[in-house]
Amino acid sequence: LAALPGAAALMALAVAWRHGAAALHEAHAAETALLRGHVSAGFAEAFGPGGCPGLAAVRAQAEQAARESGPVFLQGEPGTGKARLARLIHDLSPRGRRPFASAQATDMAAVFGQSEAGFFRPGAVEDAAGGTLYLADVAEPVPDRPGQERLARLVREGGYARCGSQTPRLADVRGILGAGCDPGELARSAPGLAGLLGPGGGLRVIRLPALRERPGDVPVLMQRAVELQAGRGGLRPSFTPRAVKALCAYSWPGNDEEVRTLAAEALLA
């Protein structure tokens, strides 16, 4: 009799734990379903049946990069969608449930955070804790070689310190770098990154071709951009064969981003 209250309490605790575990499992299942739906939409838009045929070679590389855990280098001209591909690789990876953050590589405070006079501001590396950090435009001149080495150490080991602080920190992030030049050219212009970009750096390189190299993607991108812009007004515009031919003959120096800009301007004209 004396043990009955304790046994009842244990049973109640077990029931409560079971309900809590069931609720947690249900929440995880809902989150997984939402994530898969998001990834499927993004993946289909880029690589699916209605996607860009000129990016078919990139698909296998993106899928392989998502299965790996090492750093990635995305090479492509401005406007080719490096940041978007970085996000897609993150979403497809085991880190997909964790945060994704991006920052300009030249802005040390935005990357590492700021600590001064007792106040601190976290950077993108802390925003991406447990997830993926995309460093854009690493080919742009980083202030000095120590700054380049800081970036390399962060991507390679996760070690860093906030700007204005000497306190060492360790980040659990996967680094993805973006630039318009190839790794060899980047290593020459930024010697502090050479150790990361060399043969032993473990960096997977994915090149995003310019739009002028894949003219077959132009009608797909243009139609998609126009429908997205016009859909808000209930319109269904399309292009004549002559217009499609002219669009495919254009060099598109601004790549995919220029397509979206031109589509918006065309609907406003």
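Higher on the page you've got the structure.
The text that follows walks through the structure, step by step, so that each part is easy to find. (Residues numbered from 1 in each chain as written. Predicted model: local features only at pLDDT ≥ 70, side-chain atom pairs only at ≥ 80, totals over all residues. Heavy atoms only, no water.)

1. Focus on the overall build of the protein chain
Point 1. When you go through the protein chain residue by residue, the secondary structure sums to 11 helices and nine strands.
Point 2. The long-range share in the protein chain, meaning contacts at least 24 apart out of those at least 6 apart in sequence, stands at 72%.
Point 3. Per element, the accessible surface of the protein chain, about 14800 Å² overall, is 59% carbon and sulfur. (Helix = DSSP H or I, 4+ residues; strand = E, 2+ residues; numbered from the N terminus. Contact = heavy atoms within 4.5 Å. Areas by Shrake-Rupley, 256 points an atom, 1.4 Å probe, with all protein chains shown as cover.)

2. Details of the environment of Gly48
Point 1. Here Gly48 lies in the loop between α1 (4–47) and α2 (56–67).
Point 2. Classification of Gly48 as buried rests on a relative accessible area of 16%.
Point 3. Separated by 11 residues in the primary sequence, Gly48 and Arg59 have C-alpha atoms spaced 9.4 Å apart. (Buried < 20%, exposed > 50% of the residue type's maximum accessible area, 1.4 Å probe, protein only.)

3. Digging into empty space enclosed by the protein
Point 1. Applying the stated criterion to the full structure yields one cavity of 30 Å³ or more.
Point 2. As for the largest cavity, its lining consists of Leu135, Val138, Leu151, Val155, Leu177, Leu193 and Leu196. (1 Å grid on protein atoms, 1.4 Å probe; cavity = no way out; pocket = protein on both sides within 12 Å on 5 of 7 lines; lining within 4 Å. Points joined across faces, edges and corners; volume = space filled by probe spheres on them.)

4. Looking at the pairing of strand β1 (residues 72–75)
Point 1. Both faces of β1 are covered, namely the face carrying Val72 and Leu74 and the face carrying Phe73 and Gln75.
Point 2. Both β1 and strand β8 (residues 174–179) contribute to a ladder of four bridges, which runs parallel. The residue bridging Gln75 from the neighbouring strand is Ala179, located in β8.
Point 3. In this sheet, strand β9 (residues 204–207) lies alongside β1 in parallel orientation, the contact comprising four bridges. Its bridge partner being in β9, Leu74 is matched across the sheet by Ile206. (Pairing = 2+ DSSP bridges.)

5. Describing the pairing of strand β5 (residues 132–136)
Point 1. Of all five residues in β5, five are buried; the element is thus mostly enclosed.
Point 2. One ladder, built from four bridges, connects β5 with β8; its direction is parallel. Bridge pairing in β8 links Thr132 to Arg174.

6. Brief notes about the pattern of salt bridges
Point 1. Taken as a whole and assessed by the stated rule, the structure comprises 12 salt bridges.
Point 2. Here Glu63 and Arg59 are joined by a salt bridge, their closest N and O atoms 3.5 Å apart. In this pair, Glu63 and Arg59 both sit in helix α2, four residues apart, roughly one turn of the helix.
Point 3. The class for Glu63 is partly exposed, based on a relative accessible area of 27%.
Point 4. For Glu157, the salt bridge identified is with Arg156, shortest N-O distance 3.6 Å.
Point 5. Owing to a relative accessible area of 46%, Arg156 belongs among the partly exposed residues under this scheme.
Point 6. Where salt bridges share partners, they join Arg153, Arg156 and Glu157 into one cluster. (Salt bridge = Lys/Arg side-chain N within 4 Å of Asp/Glu carboxyl O.)

7. Considerations on the packing of aromatic side chains
Point 1. One pass over the structure, following the stated rule, counts two aromatic pairs.
Point 2. Between Phe112 and Tyr160 the ring centres are 6.4 Å apart and the planes differ by 25 degrees, which places this aromatic pair in the stacked class. Placement of the pair is Phe112 in helix α4 (residues 108–112) and Tyr160 in strand β6 (residues 159–160), with a sequence separation of 48 residues.
Point 3. For Phe112, a relative accessible area of 0% corresponds to the buried category.
Point 4. With 4.8 Å between their ring centres and 75 degrees between their planes, Tyr250 and Trp252 make a pair best called edge-to-face.
Point 5. Sitting over the face of the ring of Phe112, Arg150 holds its NZ or CZ atom 4.2 Å from the ring centroid. (Phe/Tyr/Trp six-rings, centres within 6.5 Å; stacked < 30°, edge-to-face > 60°. Lys NZ or Arg CZ within 6 Å of the ring centre and 35° of its normal.)

8. A word on the layout of surface pockets
Point 1. Each pocket or cavity is described by its volume, and for the largest pocket that value is around 530 Å³.
Point 2. Lining of the largest pocket is provided by 32 residues; of these, Thr80, Gly81, Lys82, Arg84 and Leu85 occupy positions nearest its centre.
Point 3. Every element with two or more residues in the lining of the largest pocket is listed here: α1, α3 (82–92), α9 (217–230) and α11 (255–268).
Point 4. A per-class count over the lining of the largest pocket returns 14 nonpolar, seven polar and 11 charged. (Nonpolar A, V, L, I, M, F, W, Y, C, P; charged D, E, K, R; others polar.)

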